[in-house]
Amino acid sequence: MGVIVEETEEPLVPPTNFSMVDECIYRSGFPDPENFSFLQTLGLKSVIYLCPEPYPEENAEFLRSNNVRLFQFGIEGTKESSGTIPKKTITEALKVILDVRNHPVLIHCKRGKHRTGTLVGCLRKLQNWCLNAAFEEYQRFAGAKSRTTDMRFIEAFDIGRLRHCLYNIIYQYQRYGSKKRHLLYNEESIQQPLIKSL
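An account of the accompanying structure is given in this report. In this text, all values refer to a predicted model and were calculated from it rather than measured experimentally.

1. Structural notes on the overall build of the protein
So, point 1. Tallying secondary structure elements over the protein gives 7 helices and 8 strands in all.
So, point 2. Taken over 198 residues, the protein has a buried fraction of 43%.
So, point 3. Put simply, of all contacts in the protein between residues at least 6 apart along the chain, 64% involve residues at least 24 apart.
So, point 4. Accessible surface for the protein amounts to roughly 11,700 Å². Of this, 51% is attributable to carbon and sulfur atoms.

What follows is the structure, encoded as structure tokens:
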């Protein structure tokens, strides 16, 4: 005689184009309510939203109830020949990604292709990936809709200024000679990202 087992847990469904970028850094398309259970398993502390449109109330409530901080960087969706990606916005978003106090973090736009792919491509340059590997990753998520303007932006993005900022401004050692070393975040020396409090 067989045993009937009822499934009481709902299935975990990741958002479109979901993937792990690095330890505690994830990327995806826009999460729907059916993805919320999956996102809870990640233990997110932050979400980086790359669209200019207001965050939907249902998603904002999910973030509030799970104590997740929303960073909104409103980058307009662009077509191949129109618009430019704001370098300053990408730099500010990268600072949020690199601040481990924001981890685990999810980066998303609408489809998880172009804006997210461009930001991740710039992160890959900072991680010393060769351009071919960064472009291959971008194209894997963008598919047939890869944009040469995004790849040109990734190629031209100057990571030197960001490295300098990270090494000299963001973190400094406090109590160098003591057994207890702390990383101190210098709030006053950083341009504040566009943060939307929920």
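There is more to say after this.
2. With respect to the packing of helix α5 (residues 131–142) against helix α6 (residues 148–156)
So, point 1. One can describe the packing of α5 onto α6 by two numbers: an axis separation of 11 Å at closest approach and a directional angle of 150 degrees. For the element pair α5 and α6, the recorded crossing hand is right-handed. Residues L131, F135, Y138 and Q139 of α5 pack against D150, M151, I154 and E155 of α6.
So, point 2. Residues that form the contact of α5 with α6 fall into these classes: 5 nonpolar, 1 polar and 2 charged.

3. Observations concerning the side chain of E137
So, point 1. Tracing the chain through its elements places E137 in helix α5.
So, point 2. The exposure class of E137 is buried, given its relative accessible area of 7%.

4. With respect to helix α3 (residues 87–98)
So, point 1. Spanning 12 residues, α3 covers 16 Å between terminal C-alpha atoms, matching the ideal 16 Å at 1.5 Å per step.
So, point 2. Burial within α3 is extensive, with 9 of its 12 residues counted as buried.
So, point 3. Restricting attention to buried positions, one finds in α3 the residues T89, I90, T91, E92, A93, L94, K95, V96 and I97.

The rules behind the values
- Residues numbered from 1 in each chain as written.
- Predicted model: local features only at pLDDT ≥ 70, side-chain atom pairs only at ≥ 80, totals over all residues.
- Heavy atoms only, no water.
- Helix = DSSP H or I, 4+ residues; strand = E, 2+ residues; numbered from the N terminus.
- Buried < 20%, exposed > 50% of the residue type's maximum accessible area, 1.4 Å probe, protein only.
- Contact = heavy atoms within 4.5 Å.
- Areas by Shrake-Rupley, 256 points an atom, 1.4 Å probe, with all protein chains shown as cover.
- Axes fitted to C-alpha atoms, helices over the stretch in contact; angles between N-to-C directions.
- Left-handed = near helix turned anticlockwise from the far one by under 90°.
- Nonpolar A, V, L, I, M, F, W, Y, C, P; charged D, E, K, R; others polar.
- Expected span 1.5 Å × (residues − 1).

Nothing here speaks to function; it is geometry throughout.
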